[in-house]
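# Examination of the molecular architecture
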Amino acid sequence: MKSKAKFLKNALSWLLLFTVLVVAPLFLAIIGHQEESRGFWIEFGVGLGFVGLAMMGLQFVLTARYSKIGAPFGLDELLQFHGQAGYIAWLFIMGHFIVLFLANSDFHAFLDPTVNFPRALALSAVLVSITALIAMTHWREKFGLIYEWWRASHGLLALFLVFVGTVHIMQVSHYITEVWQQTVWIGLSLVAMGMLIHNRVWRPLQMKKRPYKVVGVEEEVDTIWNLELEPVGHEGLQFRPGQFVWLTLGDTPFSLQQHPFTISSAPHEKNIRLTIKELGDFTSDVGKVEIGTTAFLEGPYGNFTIDQSSSAHNVFVIGGIGITPAISTLKYVLENKLNQQITLFFGTPSKKLTPFYDELQEYSKLENVNLIHIFEEPPEGWEGETGFIDADILKRHLPENFTEECEFYICGPPPMMDAVEPQLHEWGVPVHRLHSERFNIV
Ligand SMILES: Cc1cc2nc3c(=O)[nH]c(=O)nc-3n(C[C@H](O)[C@H](O)[C@H](O)COP(=O)(O)OP(=O)(O)OC[C@H]3O[C@@H](n4cnc5c(N)ncnc54)[C@H](O)[C@@H]3O)c2cc1C
């Protein structure tokens with residue numbers, strides 16, 4: 001069982017490091033600064049700008065897909081934090097402009113094209129870009145923005161903002177006067193921007209050396225497909241059950257179409273199986289993928305994995321396509337004859353629309369596996385659970401002391417997760433024993 005202390009220590013250390021890095025520019029600016037204060041509001045406004053820019057730079061770190069950074073949290077939580085930090089950075093940067101504008105009319109010159117046209121243009125573009133960045137993320141679906149275009153524009157706008165912000169600081173140079181201070185700022189900005197380039201250029205180059213070939217496309221159930229990928233010229237992927245990869249189909253890994261899917265095969269199998277539900281433009285065409293198509297995988301990523309060294313009772317609360325991490329875990333536990341008790345709550349619309357139904361029936365015959373199917377529309381003669389997974393169903397099948405002895409793994413449609421997570425927490429399951437994987441990260 002994961003220790004609560006370790007979890008809290010990890011989470012707190014990261015939060016502390018984030019806070020220190022966000023306020024570090026203020027110290028960098030103060031060190032060696034001799035000039036007289038220009039009054040509270042001006043200094044406050046300047047401080048908002050420094051912190052806002054530092055937060056923007058750190059956004060690149062949060063989204064750089066480094067497993068060490070995501071380790072204590074998981075992708076969805078990290079991206080949620082990234083989203084919230086984005087709103088706060090927006091507030092700081094807008095606050096920087098507004099406070100300075102109101103504090104002293106001299107600052108109006110910064111946006112006056114007759115004083116300095118390129119500067120006014122760049123800074124106005126910053127205000128528009130950062131607002132657009134937030135609005136396009138918040139209302140992406142309302143604006144009808146395709147995910148891939150949103151992601152590409154998101155990265156480019158963020159690069160532009162950090163670049164102009166750094167140039168702005170150098171040009172104003174009120175606090176950053178020393179060469180070493182300028183070097184530190186430029187260095188940090190380059191590191192931040194470099195992470196995006198590492199992510200979008202270096203990683204695809206690495207993936208190019210390790211291609212896969214589609215060797216199977218099979219309908220699992222209506223609108224859900226199994227895609228089987230064979231490594232070409234390499235030994236394949238090492239991963240833990242429950243982890244996911246980013247999939248790109250086609251001859252080049254430099255594609256805007258890169259989608260995350262949990263691996264539904266087990267680590268001991270050489271070929272990788274992804275089980276994909278039709279949803280939007282990419283997934284709806286997955287059944288038409290031709291055998292022999294080249295594929296690229298980035299990863300593995302994620303923390304939705306059981307702790308195999310513990311003897312915990314693992315409880316999976318799963319809805320629909322959320323079964324992919326659970327099926328990989330079940331296969332893994334059985335293959336390795338692990339002494340792990342597994343209870344699987346699995347909610348689906350009907351028996352016909354239940355992926356891996358037969359396979360799960362086989363597993364449920366084992367002593368250490370307890371399978372509870374919940375059908376919205378049960379088959380005739382069904383005596384098991386029906387409807388949606390709710391508190392009553394959970395309580396009926398959980399062991400008495402589940403708050404102490406179970407690790408929970410929750411994956412499914414957002415309404416299910418939004419109901420189950422707080423319910424378990426309310427019953428006393430500590431957060432470090434609640435593991436969630438959300439398939440709708442943005
Ligand atoms: C960690 C993780 C694991 C997942 N595992 C599975 C799985 O095993 N099986 C499965 O069927 N689905 C899985 N998904 C969901 C899958 O990634 C999306 O359904 C798919 O990307 C939708 O693409 P689309 O173009 O068909 O749909 P769209 O209509 O374009 O998108 C629908 C929604 O999917 C998400 N999405 C779309 N494109 C991307 C992208 N490139 N990157 C991230 N999110 C995107 C967005 O929230 C979007 O609103 C997983 C998602 C995550 C985050």
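Residues numbered from 1 in each chain as written. Predicted model: local features only at pLDDT ≥ 70, side-chain atom pairs only at ≥ 80, totals over all residues. Heavy atoms only, no water.

### Quick word on the sheet that holds strand E2 (residues 224-231)
Heads up, the condition is: Note: two strands are recorded as paired if DSSP finds a minimum of 2 bridges between them. The numbering of helices and of strands both runs from the N terminus, where a helix is a DSSP run of H or I of at least 4 residues and a strand a run of E of at least 2. Only the stretch in contact is used when fitting a helix axis, every axis being a line fitted to C-alpha atoms; angles between N-to-C directions are given from 0 to 180 degrees.
Judged by pairing direction, the sheet is antiparallel, and its 6 strands sit side by side in the order E4-E3-E6-E1-E2-E5 without closing on themselves. The open sheet is flanked by strand E4 (259-262) and strand E5 (272-277), the only strands paired with a single partner. When strand polarity is set aside, the average angle formed by the axes of neighbouring strands in this sheet is 40 degrees. Judged from the 5 bridges that link them, strand E3 (residues 244-249) and strand E6 (residues 294-301) form a sheet pairing that is antiparallel. Looking at E6, one finds that Thr248 is bridged to Phe296.

### Examining the site of the ligand
Heads up, the condition is: A single heavy atom is enough: if one lies within 4 Å of a molecule or strand, its residue is considered near that molecule or strand. Any N or O atom pair separated by 3.5 Å or less is treated as a polar contact, with the protein-specific requirement of one donor-capable and one acceptor-capable atom, and with residues adjacent in sequence counted only for side-chain atom pairs. Here the accessible surface of atoms and residues is derived via Shrake-Rupley with a 1.4 Å probe, and residues count as covered only by protein chains that are part of the display. For this classification, the nonpolar set comprises Ala, Val, Leu, Ile, Met, Phe, Trp, Tyr, Cys and Pro, the charged set comprises Asp, Glu, Lys and Arg, and every other residue, Gly included, is treated as polar.
Contacts to the ligand come from 26 residues, most closely from Arg140, Gln258, Pro260, Asp281 and Thr283. Here an oxygen atom of the ligand and a backbone polar atom of Gly280 are 3.0 Å apart. Take Phe282: an N or O atom from its main chain is 3.3 Å from an oxygen atom of the ligand. For the ligand, the accessible surface in isolation is 880 Å², of which the surrounding protein chains cover 92%. Elements represented by at least two residues in the shell around the ligand include exactly E3, E4 and E5. It is E4 that contributes the most residues to the shell around the ligand, 4 residues altogether. The class makeup of the residues in the shell around the ligand is 12 nonpolar, 8 polar and 6 charged.

### Notes on the packing of aromatic side chains
Stated precisely, the cut-off is as follows: When the centres of two rings from Phe, Tyr and Trp lie within 6.5 Å, Trp using its six-membered ring, the rings pair. Their planes under 30 degrees apart give stacked, over 60 give edge-to-face, and anything left gives tilted. For every residue, the accessible area obtained with a 1.4 Å probe (protein chains only) is divided by the maximum for its type, and the residue is called buried under 20%, exposed over 50%, and partly exposed between those limits.
Under the criterion given, the structure shown has 18 aromatic pairs. Ring geometry for Phe40 and Phe44: centres 5.5 Å apart, planes at 10 degrees, overall stacked. Pair noted here: Phe40 and Phe44 are both in helix H2 (residues 40-62), with a separation of 4 residues, about one helical turn. Classification of Phe40 by relative accessible area gives exposed; the value is 56%. Centre to centre, the rings of Phe402 and Phe408 are 6.2 Å apart; their planes meet at 85 degrees, and the pair counts as edge-to-face.

### Some remarks on the domain arrangement of the protein
Short version of the rule: Boundaries of every domain are those given by an automatic assignment or by a domain database. Residues are treated as being in contact if the distance between any of their heavy atoms lies within 4.5 Å. Using a 1.4 Å probe, buried area is obtained as the accessible area two parts lose upon being combined, added over both of them. Salt bridges, as used here, are contacts in which a Lys or Arg side-chain nitrogen is within 4 Å of a carboxyl oxygen on Asp or Glu.
The assigned domain composition of the protein is domain 1 (4-206), domain 2 (212-301) and domain 3 (313-437). Placing the centre of domain 2 and that of domain 3 at their C-alpha centroids yields a distance of 24 Å. Across the boundary between the two partners, domain 2 contributes 20 residues, which contact 16 residues of domain 3. Of the roughly 1400 Å² buried at the junction of domain 2 and domain 3 (both faces included), carbon and sulfur atoms supply 65%. The largest share of the area that domain 2 buries against domain 3 comes from Val221, Pro241 and His268, three residues that together contribute 28% of it. Counting across the interface, domain 2 meets domain 3 through 1 salt bridge.

### Digging into the sheet that holds strand E12 (residues 434-437)
Spatial strand order, E10-E9-E8-E7-E11-E12: 6 strands in an open sheet with parallel pairing. The open sheet terminates on both sides in strands that have one partner only, identified here as strand E10 (385-386) and E12. Summarising the sheet, strand E7 (residues 313-319) and strand E8 (residues 341-350) pair through 7 bridges and their orientation is parallel. Its bridge partner lying in E8, Val315 is registered against Thr343. Across the sheet, helix H8 (residues 323-335) is in contact with E7, E8, strand E9 (369-377) and strand E11 (406-411); its angle to E8 comes to roughly 145 degrees.

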